[in-house]
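Here's the letter readout for the chains.
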Amino acid sequence: MWLTEILNEKKKQAESIKNKYKLLKKNKIVWIVVIENKDILKQLLEWISILPIDLIVLSKEEFWKYDTMIYLDDISENLLYWVDFIVCDNCMPKLSDYLKKWIAPIVSKDNYLNNILSEFNPVKSEWNAFFYEANNVWSIFYAIVRYLENHKFPYDNRNLVKNILDIYY
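Residues numbered from 1 in each chain as written. Predicted model: local features only at pLDDT ≥ 70, side-chain atom pairs only at ≥ 80, totals over all residues. Heavy atoms only, no water.

Some words on helix α2 (residues 38-48)
Residues that lie three or four places apart on an α-helix share one face, since the helix turns once every 3.6 residues.
Moving on, step 1. For α2, the complete set of buried residues consists of I40, L41, L44, L45, W47 and I48. All buried residues of α2 project into a common sector of 160 degrees when viewed along the axis, lining one side.
Moving on, step 2. Residues of α2 that are buried make contact with β1 (29-34), β2 (53-58), β3 (69-72) and α5 (137-151).
Moving on, step 3. The residue sitting at the N-terminus of α2 and contributing the capping side-chain oxygen is N37; that oxygen lies 3.0 Å from the backbone nitrogen of D39. (Buried < 20%, exposed > 50% of the residue type's maximum accessible area, 1.4 Å probe, protein only. Helix = DSSP H or I, 4+ residues; strand = E, 2+ residues; numbered from the N terminus. Arc of directions from axis to C-beta. Contact = heavy atoms within 4.5 Å. Polar contact = N/O pair within 3.5 Å; in protein donor to acceptor, adjacent residues only side chain to side chain.)

The following block contains the structure:
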């Protein structure tokens, strides 16, 4: 599948996800949060509820309820292809499975995939992830905002997805 087709299909399928889970259709981005630390997760969810995104939280416990988020215990393989990015901590053992589905990662700079992930540089159109420096809500939120700023520029977002594809294909 060509990159243009992948991105167009992601956009189209994101609409079906929004319909299925009754998320806000005006938001352009669908993403996943998997953070083990419940205190950080709870505070982060409250902050990101104001962002123009639809959110899937992989958690058995519900903290905040907003029109822009749903909680799931697990996520189906087919649903993964249509997610734009994932925010996770080092508790995420299957991050490589997400990368194989063209999902941009926002992870700790000390993640276990440092041999294949590098901080995205939009000026050079290089690398494939966004890192947060410390395992705290401020640092994670800052990385999310940097990704969202990048996503506004189709050329940069396209290069990010292309660089993720280049890891495995």
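Describing the packing of α5 against helix α6 (residues 154-168)
If you want to describe how two helices pack, look at the angle between their axes and the distance between the axes.
Moving on, step 1. The interhelical angle for the contact between α5 and α6, taken along N-to-C directions, is 115 degrees, at an axis separation of 7 Å. Between α5 and α6, the interaxial angle falls into the category roughly perpendicular. Mapping the contact onto sequence places Y147, N150 and H151 in α5 and P154, D156, N157 and L160 in α6.
Moving on, step 2. Taken together, the residues of the contact of α5 with α6 sort by class into 3 nonpolar, 3 polar and 1 charged. (Axes fitted to C-alpha atoms, helices over the stretch in contact; angles between N-to-C directions. Parallel < 35°, antiparallel > 145°, perpendicular 65-115°, else oblique. Nonpolar A, V, L, I, M, F, W, Y, C, P; charged D, E, K, R; others polar.)

Topic: the nonpolar core
Moving on, step 1. Counting 59 residues, the largest nonpolar core has W31, I32, F85, Y98 and I144 as the members making the most contacts within it.
Moving on, step 2. Here I32 is in contact with L55, I56, L58, I75, L80, V83, F85, I86, V87 and Y98, once residues within four sequence places are set aside.
Moving on, step 3. Core analysis: the second largest hydrophobic core is formed by 6 residues, I6, L7, W102 and V161 among them. (Core = buried A, V, L, I, M, F, W, Y, C linked by side-chain atoms within 4.5 Å.)

Structural notes on the packing of α2 against α5
Moving on, step 1. Relative to each other, α2 and α5 sit at 40 degrees, their axes nearing to 10 Å. Regarding the angle of α2 to α5, the classification is oblique. As α2 packs across α5, the resulting crossing turns out to be right-handed. Taking contact as the criterion, the partners of I40, Q43, L44, W47 and I48 in α2 are, on α5, V137, W138, I140, F141 and I144.
Moving on, step 2. Tallied by class, residues from the contact of α2 with α5 come to 9 nonpolar, 1 polar and no charged. (Left-handed = near helix turned anticlockwise from the far one by under 90°.)

A word on the layout of surface pockets
Moving on, step 1. Its boundaries defined by the atoms lining it, the largest pocket holds a volume of some 730 Å³.
Moving on, step 2. Around the largest pocket sit 26 residues that line it, and K28, I29, D84, H151 and N157 are the ones nearest its centre.
Moving on, step 3. With 8 residues, the single largest contributor to the lining of the largest pocket is helix α1 (residues 3-21).
Moving on, step 4. Lining the second largest pocket are 14 residues, with D74, I75, M92, K94 and Y98 positioned closest to its centre.
Moving on, step 5. Of all the elements in the fold, those that place two or more residues in the lining of the second largest pocket are α3 (77-80) and α4 (95-99).
Moving on, step 6. Classifying every residue of the lining of the second largest pocket gives 8 nonpolar, 1 polar and 5 charged. (1 Å grid on protein atoms, 1.4 Å probe; cavity = no way out; pocket = protein on both sides within 12 Å on 5 of 7 lines; lining within 4 Å. Points joined across faces, edges and corners; volume = space filled by probe spheres on them.)

Brief notes about the packing of aromatic side chains
Moving on, step 1. Here the structure, examined in full by the defined rule, presents 6 aromatic pairs.
Moving on, step 2. On the numbers, 4.2 Å between centres and 40 degrees between planes, the contact of F85 with Y147 is tilted. Placement of F85 in strand β4 (residues 85-88) and of Y147 in helix α5 is noted, with a sequence separation of 62 residues between them.
Moving on, step 3. Residue class for F85 comes out buried when judged on its relative accessible area of 0%.
Moving on, step 4. On the basis of an interplanar angle of 90 degrees and a centroid distance of 5.7 Å, the ring pair of F130 and Y147 is categorised as edge-to-face. Of this pair, F130 sits in strand β6 (residues 130-132) while Y147 is found in helix α5, placing the two residues 17 residues apart along the sequence.
Moving on, step 5. Residue classification places F130 among the buried residues on the basis of a relative accessible area of 5%. (Phe/Tyr/Trp six-rings, centres within 6.5 Å; stacked < 30°, edge-to-face > 60°.)

Spatial relationships are all this shows, so hold off on functional conclusions.
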